Structure formats: structure tokens, C-alpha cells
Amino acid sequence: MPRLSAMLATAGLVAAAAVSIAAARPVRDVVPGPGTRADSTLEHADAGRIRGAASATVWLVEASDFQCPYCKQWHDETYPLILKEYVNTGKVRLAYLNFPLEMHQHAQVAAEAAMCASAQGKFWEMHDALFSSQAQWENLPNPMSVFEGLATKAGVNVAAWRTCVTSHATLPLIAADKDRLNRSGVGSTPTFFIGSQKIEGAYPIAVFRDALDKALAAAAKR
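Residues numbered from 1 in each chain as written. Predicted model: local features only at pLDDT ≥ 70, side-chain atom pairs only at ≥ 80, totals over all residues. Heavy atoms only, no water.

K.L.:
Tell me about the overall build of the protein chain, and please be specific about residues and values.
P.N.:
A count of helical and extended segments in the protein chain gives twelve helices and five strands. Burial analysis of the protein chain (222 residues in total) assigns 51% to the buried set. Contacts spanning at least 24 positions in sequence make up 77% of the contacts within the protein chain whose residues lie at least 6 apart. About 9600 Å² of surface is accessible on the protein chain, with carbon and sulfur atoms providing 54% of the total. (Helix = DSSP H or I, 4+ residues; strand = E, 2+ residues; numbered from the N terminus. Buried < 20%, exposed > 50% of the residue type's maximum accessible area, 1.4 Å probe, protein only. Contact = heavy atoms within 4.5 Å. Areas by Shrake-Rupley, 256 points an atom, 1.4 Å probe, with all protein chains shown as cover.)

K.L.:
Account for the pattern of salt bridges, with residues named and values stated.
P.N.:
Taken as a whole and assessed by the stated rule, the structure comprises eight salt bridges. Salt-bridge contacts for Asp177 lead to Arg180; the nearest nitrogen and oxygen are separated by 4.0 Å. Within this pair, Asp177 and its partner Arg180 are both found in helix α11 (residues 171-183), separated by three residues, close to a single helical turn. Across the salt bridge formed by Lys214 and Asp210, the nearest N and O atoms sit 3.3 Å from each other. Taken together, the residues span about one helical turn, with Lys214 and Asp210 both in helix α12 (residues 205-221) at a distance of four residues. Counted as one network, the salt bridges with shared partners bring together Asp46, Arg49, Asp177 and Arg180. (Salt bridge = Lys/Arg side-chain N within 4 Å of Asp/Glu carboxyl O.)

K.L.:
Outline the nonpolar core, listing residues and values.
P.N.:
Most often, soluble globular proteins keep nonpolar side chains buried together rather than apart. Met126, Trp161 and Phe208 are the most contacted members of the largest nonpolar core, which totals 50 residues. If near-sequence neighbours (up to four positions away) are discounted, Met126 is found in contact with Ala113, Ala114, Ala117, Phe147, Leu150, Ala151, Ala154 and Trp161. One finds Ile50, Phe99, Leu101 and Val186 within the second-largest nonpolar core, a separate group that totals eleven residues. (Core = buried A, V, L, I, M, F, W, Y, C linked by side-chain atoms within 4.5 Å.)

K.L.:
Go over the confidence of the model for the protein chain with me, naming the residues and quoting the values.
P.N.:
Reading fine detail from the predicted coordinates is not recommended where pLDDT is low. Residues at a pLDDT of 70 or more form 83% of the protein chain, whose mean pLDDT is 86. Within the model, the stretch residues 6-36 combines pLDDT values under 50 with 53 contacts to residues more than four positions away or in other chains. (pLDDT = per-residue confidence, 0-100.)

K.L.:
Let's hear about the sheet that holds strand β5 (residues 197-200): which residues, and what values?
P.N.:
The strand order across the open sheet built from five strands is β1-β3-β2-β4-β5, with neighbouring strands paired in mixed fashion. A single partner strand is all that each edge strand has here, and the edge strands are β1 (50-51) and β5. Here strand β4 (residues 191-194) pairs with β5 via four bridges, running antiparallel. Within the sheet, the bridge partner assigned to Ile194 lies in β5 and is Gln197. (Pairing = 2+ DSSP bridges.)

K.L.:
Can you lay out the state of the cysteines for me, pointing to particular residues and giving the numbers?
P.N.:
Evaluated as defined, the whole model comprises one disulfide. Two residues, Cys116 and Cys164, share a disulfide whose sulfurs are 2.1 Å apart. Between Cys116 and Cys164, the S-S dihedral sits near -80°, and the bridge is therefore left-handed. Separated by 48 residues along the polypeptide, Cys116 in helix α6 (residues 107-118) and Cys164 in helix α10 (residues 158-166) bring together distant segments of the chain. The burial state of Cys116 is the same as that of Cys164; both residues are buried. Looking at the unpaired Cys71, the closest cysteine sulfur is the one in Cys68, lying at 3.0 Å. We classify Cys71 as buried; its relative accessible area is 1%. (Disulfide = S-S within 2.5 Å.)

K.L.:
Which residues make up the packing of helix α4 (residues 69-77) against helix α7 (residues 123-132), and what values go with them?
P.N.:
Close contact between α4 and α7 brings their axes to 10 Å; oriented N to C, the two are set at 115°. Crossing hand, α4 versus α7: left-handed. Residues Cys71, Lys72 and His75 of α4 touch α7, and the partners they reach there are His127, Asp128, Phe131 and Ser132. Here the residues of the contact of α4 with α7 sort into two nonpolar, three polar and two charged. (Axes fitted to C-alpha atoms, helices over the stretch in contact; angles between N-to-C directions. Left-handed = near helix turned anticlockwise from the far one by under 90°. Nonpolar A, V, L, I, M, F, W, Y, C, P; charged D, E, K, R; others polar.)

Okay, structure coming up:
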């Protein structure tokens, strides 16, 4: 199963900031070794946070935090249109990278909840559920009961998901995300990479249409 870092490199992310993403440590460098259960979990979790056709000529790479209000705003307002116009039509491939901010007390565990769902092929269901319910869990002392309910509705094997979360099985992958994004100069969420362009903030669809259309036009000339 292809690793995200390798896939991004293949996609030709040539901007200086994005090169750091593609050059980050691959998953194999942060797991115990090939063939282990941990390796398999991270391989599946890594691949599960990618959506869109393999034939897409442009990548949209998102650095996000599930407790970030601006990330939720982008998810609610712009993301559905990105899916409809670019991802579901086969033009663009979308990848989610975790950048949980320290100011958000539950951002790290929310990322683990999502990536453990990703290990079972349910990342995007959990992704949507976490953002949609952000107001319900962001101020709780312990949000795990809410997260488990969301995971159940997402259709995961709850026992396996719980073991994954409590053992912090996907934490190395989240740490690798943060490392590659720090190296890319990311300091806030949401931040996006489209071809050679970096976009910082929850901008409306017009900004992304402009960037994506330019990237698609450039890709068509190659």
C-alpha cells in the first residue's frame, strides 16, 4: 500500500514548502518494522486519509486540527464544494495531514480517534463526525465517550478502534505529520498546499477554485 509521503513526491509537489512534506520521514521510519501489526495499522491509517482518483493530476494537501474553529468553518463551508467540483469529478486528490495545536486540549486525541478510524478505512466518516460535533466535545473534561459514539456510528470495529486509541498506535504517524508540516513552515490551521501555492486560512471556495484551476491548467501543459 503506497505511503502518503511517496505519493506526494510522485504527485510532483515542487514548491519549496511542499517539498518538505514529500521529503518527510516515511511511515516505515517511525514504526517497529515491516510485517508487524503496528506497521500494518499505520500503513492503512496513512492511506485512509487520502480521497480522490489516483489519476488526478493535482493534489490538495490540507494541514488541519479537529478542534480548530477555522478548520471547522472550512469543513462546513468550502470542503463540500471542493468535493463536488474537484475531488468527486476526478480532477483533484485530497490528503489530510494532522497538525493538532497545543492550545486545543483535545486536538491530539481527536487526531488519534480519526487516524484509528482511518486504519479501518473510516477516516472520512470520522473526520466529518468530529467537525460536525466539535461544539459537543471541545469543552468536555474527557471527550472519549463522545468519540467512541462517533466511531460506532462511523461503522468501525469499536473494540479494535478503542485498542488503537488507548495504545496510541497512530501517534507516530501524527508526529510525522507535524514534523513534515513544521519543516514546511506551517504554523497555523488550516493551511493548504495546491501545486506550488500555499494557502493559509479558511478562505471561501473562490480562492480555492482559482488556485486549483491554475494548478490543473499547469498540469495539463506538462
